[in-house]
Amino acid sequence: MALVNEHFLKLPGSYLFSDIAKRVNTFKVTHPKHRLIRLGIGDVTRPLPQACIEAMHRAVDELASVDTFRGYGPEQGYDFLIDAIIKHDFASRGISLTPSEVFISDGAKSDTGNIGELLRWDNSMAITDPVYSVYVDSNIMCGRSGVLDKDGKWNNVTYLPCTAENDFIPDIPDHRVDLIYLCYPNNPTGTTLTHEQLKKWVDYALANDTLIVFDAAYEAYIREPNVPHSIYEIRGAKKVAIEIRSFSKTAGFTGVRCGYTVIPKEVTAASLDGKRIPLNPLWNRRQCTKFNGTSYITQRGAEAVYSTDGQKQVKEIIDYYMENARYMYNSLKEAGFKVYGGINAPYIWLKAPDGMTSWKFFDQLLYEANVVGTPGVGFGPSGEGYLRLTAFGDKEDCMEAMYRIKKWR
């Protein structure tokens, strides 16, 4: 008989957002006349940039003609998109990459979940806490996280608490680990690392032969000048870091699906006999085996992000969300809450009042203010007592939600 991968059985009974959906559905059944405002899930609400729409329409028309039809594309992505990425996202910041170091995918979530396939199951790992759940869950699935202790932590994971006491800036590990996940601007706290702070992580990785997986999905929201947009702005990072990015939150591609991963040729891991193995060709092999490439239509839409019109339209979308974030941040501050994030990221990290737990705060806002957030504890033990709100909603809804919360407060 077939045997199950028992590591899957270690996963929590359901995904965080499934738990939220169940509670919301229960509320809707019992309160059918109440209008909910959803500021929980990090999905966008603004339409796609017009430049992307027009580019995708042209791509569809190409597929309607035998002369311009395209079937399977390159698993790594089309050159036209890779070249645009290198020129606009990296060369403009003084970072040199070759086309073979960039891999187009169907989104950052897939790549962050799959990148661990390049590494042995028994590598030690560290995560900031709270953290995007995919980092932990994907490692649980392969057995890398170990077993769950009574305190709710996995025994092969080094947790790096991000709390108000340390300004949500994690301390460098006091011991060596093989793998570190970093996400900046951060999901869920909305906080960032300065150039000097990120350099400490790169220096640690260089000194300890550690691999960093750097999730930069929200880099387009950075407003402050001393916050790096790419880990490769730090000298030496190309030897120790893989960077993952997304078009989901920048150009609204959450439903279209497109992202990319950068694996410099200098990045290596060790074999048991001590040989240094480049990870770039391994990822290429993995993609060629398991992935047929992102659709041509999608990639033409992503390419349009870098056009003159596309850049202008994307900026307008990001400004829209960040204006929501600014309004939410200020409103909650005025209401007497302790609030974090919202400056370089579209997330508000809200401290629950009066020592309330995350889920109790969630339920009270749901039933008494009819506003849906995300319980902070769902992102890890250090998230207990917090709630994440997103600025991706409609402007009027964000304003109404703040009015309701202030009234509830």
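Below is a summary of the structure that appears in this document. Residue numbers run consecutively from 1 along every chain, following the written order of its sequence. Given that the model is predicted, a residue must reach a pLDDT of at least 70 before its local features are reported, and side-chain atom pairs must reach 80 or more before they are shown or counted; all residues, however, enter totals for whole chains, interfaces and linings. Calculated side-chain values reflect all of the structure's heavy atoms, with hydrogen atoms and water omitted.

**Description of the nonpolar core**
Residues Phe 247 and Leu 389 are the most contacted members of the largest nonpolar core, which totals 101 residues. Not counting residues up to four positions away in its chain, the partners in contact with Phe 247 are Leu 81, Ile 85, Gly 252, Phe 253, Cys 258, Gly 259, Tyr 260, Ala 302, Val 305 and Tyr 306. Counting residues in hydrophobic clusters, the runner-up holds 29 residues, among them Ile 115, Cys 183, Val 213 and Trp 283. What makes a nonpolar core is a set of buried Ala, Val, Leu, Ile, Met, Phe, Trp, Tyr and Cys residues whose side-chain atoms join them at distances within 4.5 Å. Burial classification: accessible surface area is computed with a 1.4 Å probe over protein chains only, and a residue below 20% of its type maximum counts as buried, one above 50% as exposed, and the rest as partly exposed. Throughout, a residue-residue contact means that at least one pair of heavy atoms, one from each residue, lies within 4.5 Å.

**A short note on empty space enclosed by the protein**
A cavity, in this analysis, means grid points on a 1 Å lattice covering only the protein atoms where a 1.4 Å probe fits yet has no way out; a pocket is instead an open set bounded by protein on both sides within 12 Å along at least five of seven lines, and a residue lines either one if it has an atom within 4 Å of a point. Grid points are joined across faces, edges and corners, and a volume is the space filled by probe spheres set on the points. Applying the stated rule across the entire model yields one cavity of 30 Å³ or more. If you add up the space inside the largest cavity, you get close to 40 Å³. In terms of lining residues, the largest cavity is bounded by Glu 323, Asn 324, Tyr 327, Lys 395, Cys 398 and Met 399. Polarity classes work like this: nonpolar for Ala, Val, Leu, Ile, Met, Phe, Trp, Tyr, Cys and Pro, charged for Asp, Glu, Lys and Arg, and polar for all others, with Gly in that last group. Looking at the lining of the largest cavity residue by residue, the class counts come to three nonpolar, one polar and two charged.

**Thoughts on the pairing of strand E3 (residues 125–129)**
Labels follow the DSSP assignment, with helices taken as runs of H or I lasting at least four residues and strands as runs of E lasting at least two, numbered in each case from the N terminus. Burial analysis of E3 places five of its five residues in the buried class, which makes it a mostly covered element. Because side chains alternate across E3, one face comprises the buried residues Met 125, Ile 127 and Asp 129, and the other comprises Ala 126 and Thr 128, equally buried. Pairing of E3 with strand E4 (residues 157–161) involves five bridges; the strand directions are parallel. Of the residues in E4, the one forming a bridge with Met 125 is Val 157. The path from the first strand over the helix to the second decides the hand: if it runs clockwise while the strands point away from the viewer, the crossover is right-handed. With helix H5 (residues 133–142) bridging E3 and the parallel E4, this β-α-β connection has right-handed handedness. Any two strands between which DSSP finds at least two bridges are classified as paired.

**Let's talk about the sheet that holds strand E7 (residues 241–246)**
An order of E2-E8-E7-E6-E5-E3-E4 is seen for the seven strands of this open sheet, with the pairing classed as mixed. Lying at the two open borders of the sheet, with one neighbouring strand each, are strand E2 (102–105) and E4. This sheet shows a mean twist of 20° between the axes of neighbouring strands, independent of strand direction. Two strands pair when backbone bridges link them, and E7 and strand E8 (residues 259–262) are joined in this way by four bridges, in the antiparallel orientation. Note that in E8 the partner of Ile 244 across the bridge is Thr 261. Inter-axis angles, ranging from 0 to 180 degrees, are taken between N-to-C directions of lines fitted to C-alpha atoms, where helices are fitted over the stretch in contact.

**Description of the packing of aromatic side chains**
Each pair of aromatic rings taken from Phe, Tyr and Trp, with Trp reduced to its six-membered ring, is defined by centres within 6.5 Å and is described as stacked if the planes are under 30 degrees apart, edge-to-face if over 60, and tilted in the remaining cases. Evaluated as defined, the whole model comprises 24 aromatic pairs. Between Phe 168 and Tyr 386 the ring centres are 6.1 Å apart and the planes differ by 80°, which places this aromatic pair in the edge-to-face class. Residue Phe 168 is located in the loop between E4 and strand E5 (179–183), and its partner Tyr 386 is located in strand E15 (residues 386–390); the two are separated by 218 residues in the primary sequence. Neither Phe 168 nor Tyr 386 differs from the other in exposure class; each is buried. The residue whose ring lies beneath Arg 46 is Tyr 320, and the NZ or CZ to ring-centre distance is 4.1 Å. Over the face of the ring belonging to Tyr 386 we find Lys 351, whose NZ or CZ atom lies 4.7 Å from the ring centre. Here, a charge over a ring means that NZ of Lys or CZ of Arg falls within 6 Å of the ring centre while also lying within 35 degrees of the ring normal.

**Side note on the packing of helix H2 (residues 50–63) against helix H9 (residues 296–304)**
Remark: H2 packs on H9, axes separated minimally by 8 Å, with the N-to-C direction vectors making an angle of 145°. As H2 packs across H9, the resulting crossing turns out to be right-handed. Contacts from Ala 51, Cys 52, Ala 55, Met 56, Ala 59, Val 60, Glu 62 and Leu 63 in H2 reach Tyr 296, Ile 297, Arg 300, Gly 301 and Ala 304 in H9. A per-class count over the contact of H2 with H9 returns ten nonpolar, one polar and two charged. A crossing counts as left-handed when the near helix is turned anticlockwise from the far one by less than a right angle, and as right-handed when that turn is clockwise.

On their own, these measurements won't tell you what the molecule is for.
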